[in-house]
Amino acid sequence: MENLKGKTAFITGGASGIGLGLAKACAKEGMNVVIADLRQSAIDEAVPIFEENNWPVLAIQLDVTDRKAYEKAVDQAEAKFGNIHLLANNAGIGGGRGPLWEVSYAQTDVAININLTAVLNGIQIIVPRMLQHGEGGHIVSTASKAALIAVPQNGLYNLTKQALVGITETLQSDLAGTNVTASVFFPGPFATTLGQTSVEIEAQFLGSEAKAPAPPPPPPPKDGAPMPSLSDMSALVRSADEAGERILRGVKRGDMYIITHAEFKEGFKERVDAMLRAFPDEKPSEKFKEAFGFLVHNPVFNRQKDVPAFEKKD
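Rules and cut-offs
Chains are numbered independently. Their residues run from 1 in the order of the written sequence. For a predicted model such as this one, the threshold for reporting local features is a pLDDT of at least 70, and the threshold for listing and counting side-chain atom pairs is 80 or more; totals across whole chains, interfaces and linings nevertheless cover every residue. Calculated side-chain values reflect all of the structure's heavy atoms, with hydrogen atoms and water omitted. Any Lys or Arg side-chain nitrogen found within 4 Å of a carboxyl oxygen on Asp or Glu counts as a salt bridge. In this text, helices come from DSSP runs of H or I with a minimum length of four residues, and strands from runs of E with a minimum of two, each type numbered from the N-terminal end. The convention used is that axes are lines fitted to C-alpha atoms, helices contributing only their stretch in contact, and that angles between N-to-C directions extend from 0 to 180 degrees. Angular relationships are summarised with four words: roughly parallel below 35 degrees, roughly antiparallel beyond 145, roughly perpendicular across 65 to 115, and oblique for the angles in between. Each crossing gets its hand from how the near helix is turned against the far one by less than a right angle, where anticlockwise is left-handed and clockwise is right-handed. Here a residue-residue contact requires only that any non-hydrogen atoms of the pair lie within 4.5 Å. Note that Gly is not counted as nonpolar here; it falls among the polar residues with everything else outside the nonpolar set of Ala, Val, Leu, Ile, Met, Phe, Trp, Tyr, Cys and Pro and the charged set of Asp, Glu, Lys and Arg. Using a grid of 1 Å spacing that covers the protein atoms alone, one calls a set of points a cavity when a 1.4 Å probe fits there but cannot get out, and a pocket when the set is open and has protein on both sides within 12 Å along at least five of seven lines; lining residues are those with an atom within 4 Å of a point. Grid points are joined across faces, edges and corners, and a volume is the space filled by probe spheres set on the points. In this scheme, strands are said to pair when DSSP sees at least two bridges between them. The buried label goes to any residue with under 20% of its type's maximum accessible area, the exposed label to any with over 50%, and the partly exposed label to all in between, with areas taken from a 1.4 Å probe on protein chains only. We define a polar contact as two N or O atoms separated by no more than 3.5 Å, with the added condition that, inside protein, one atom must be a possible hydrogen donor and the other a possible acceptor, whereas residues neighbouring each other in sequence contribute only through side-chain atom pairs.

(A) Here's a closer look at the pattern of salt bridges. Here the structure, examined in full by the defined rule, presents nine salt bridges. In this structure, Asp-241 and Lys-24 form a salt bridge, with 3.1 Å as the shortest nitrogen-oxygen distance. With Asp-241 in helix 8 (residues 240-253) and Lys-24 in helix 1 (residues 17-28), the pair connects residues that are 217 residues apart, well separated along the chain. Put simply, Arg-129 and Glu-78 hold a salt bridge, and the shortest N to O gap is 2.7 Å. Taken together, the residues Arg-129 in helix 4 (residues 105-133) and Glu-78 in helix 3 (residues 67-81) connect sequence positions 51 residues apart.

Shown next as structure tokens:
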């Protein structure tokens, strides 16, 4: 997917935040952009950006959990622009903050349907079409930093975003030998409207007015250091446009993992090291590895290349 000009991107949750940042990045590469979003108000704000720049765009109001509506939206996109080459599974919510045993059944269903099942909807509807048209394609799914290091009090978000890692690794395995590939995106703090949109969408699905969840308190600083101020934290938040540019760079490079913050590497290493320590101190059986090679090794991990520093565009 190095040459994107003239190709078509289908982006869910594409009218705001990271989705809009990606949509703009795709448009700057000369792609046709399909923005699929549940919120008409966000669509109405996003479309003029494309019209003012003469970027080809099709905006569709879509509930990604509605499979029939999703199929219809893809039919509309193909009728407008032809084949789809990039599927961005970006729609998602925070949803259901708190311990897992305290979130409601309804909150659980909404979070899983939007953050996980809807991703599968996109894959099951669009990937067969990519394989059929044979022009190449890519699927990128927006996970989270929470897929690398779990965030306390965010169980539903953690589990749904970590599931996208397994989906992507499986896609890479199952698509081997084709010209369709996959990535999973792990954004850290970016300037998005996720908190407010999560409240609006959860209220719409639950049929009641949802209350904005309080942000989780930052962990206490080490060694008696002063707590960071909100202004200090805000200054470190990156733009959604940068997120879009990072995604597109990863797509063009063919990265399976698109990670935004080097600051997460140490914490993720602690997680991996903990898992390695959990393996029993026993000598592996060579006969077992030979018999169950498909369980003990997956070649997709060897495809990921080293990633250079990101260079911001002017």
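(B) The packing of helix 3 against helix 4, seen in detail. Packing of helix 3 against helix 4 leaves a shortest axis separation of 10 Å and a crossing angle of 40°. In terms of their interaxial angle, helix 3 and helix 4 are classed as oblique. Here helix 3 and helix 4 pass one another in a crossing that is right-handed. On helix 4, the residues touching Arg-67, Tyr-70, Glu-71, Val-74, Asp-75 and Glu-78 of helix 3 are Thr-117, Ala-118, Asn-121, Gly-122, Ile-125, Ile-126 and Arg-129. Looking at the contact of helix 3 with helix 4 residue by residue, the classes come out as five nonpolar, three polar and five charged.

(C) Focus on empty space enclosed by the protein. On inspection of all chains with the given rule, the structure shows two cavities of 30 Å³ or more. Each pocket or cavity is described by its volume, and for the largest cavity that value is around 60 Å³. What lines the largest cavity is Gly-21, Lys-24, Ala-25, Lys-28, Asp-241, Glu-245 and Lys-313. Sorting the residues of the lining of the largest cavity by element identifies helix 1 and helix 8 as the ones contributing at least two each. Residue contributions to the lining of the largest cavity peak at four residues, all from helix 1. Contributing to the lining of the second largest cavity are Thr-12, Val-64, Tyr-70, Asn-89, Asn-90, Ala-91, Ile-114, Ala-118 and Val-119. Of the residues forming the lining of the second largest cavity, the biggest block, three residues, is contributed by helix 4. Counted by class, the lining of the second largest cavity contains six nonpolar, three polar and no charged residues.

(D) Molecular detail of the sheet that holds strand 6 (residues 180-186). Read across the open sheet, the seven strands follow the order 3-2-1-4-5-6-7; overall the sheet is parallel. Strand pairing shows two members of the sheet lacking a second neighbour, strand 3 (57-61) and strand 7 (257-259), which therefore form its edges. On average, each strand axis in the sheet is inclined to that of its neighbour by 15°, with strand direction left out of account. Docked against the sheet, helix 2 (residues 40-52) engages strand 2 (32-37) and strand 3, running at close to 175° with respect to strand 3. In the packing of helix 3 onto the sheet, contacts are made with strand 1 (8-12), strand 2, strand 3 and strand 4 (86-89), and the angle to strand 3 comes to roughly 165°.

(E) Geometry of the layout of surface pockets. Counted as a void, the second largest pocket has a volume near 1100 Å³. Around the second largest pocket, the lining comprises 32 residues; the ones closest to its centre are Leu-148, Phe-186, Tyr-257, Ile-259 and Phe-268. Among the elements of the structure, helix 5 (155-174), helix 8, strand 7 and helix 9 (265-277) are those that each provide at least two residues to the lining of the second largest pocket. It is helix 9 that contributes the most residues to the lining of the second largest pocket, six residues altogether. Looking at side-chain class alone, the lining of the second largest pocket contains 17 nonpolar, six polar and nine charged residues.

(F) Broad picture of the side chain of Asn-115. Mapping Asn-115 onto the fold places it in helix 4. Under the relative-accessibility criterion, Asn-115 is labelled buried at 1%. At a separation of 3.3 Å, a polar atom in the side chain of Asn-115 contacts the side chain of Thr-160. Setting aside residues no more than four positions away along its own chain, Asn-115 makes contact with Gly-92, Ile-93, Tyr-157, Thr-160, Lys-161 and Leu-164.

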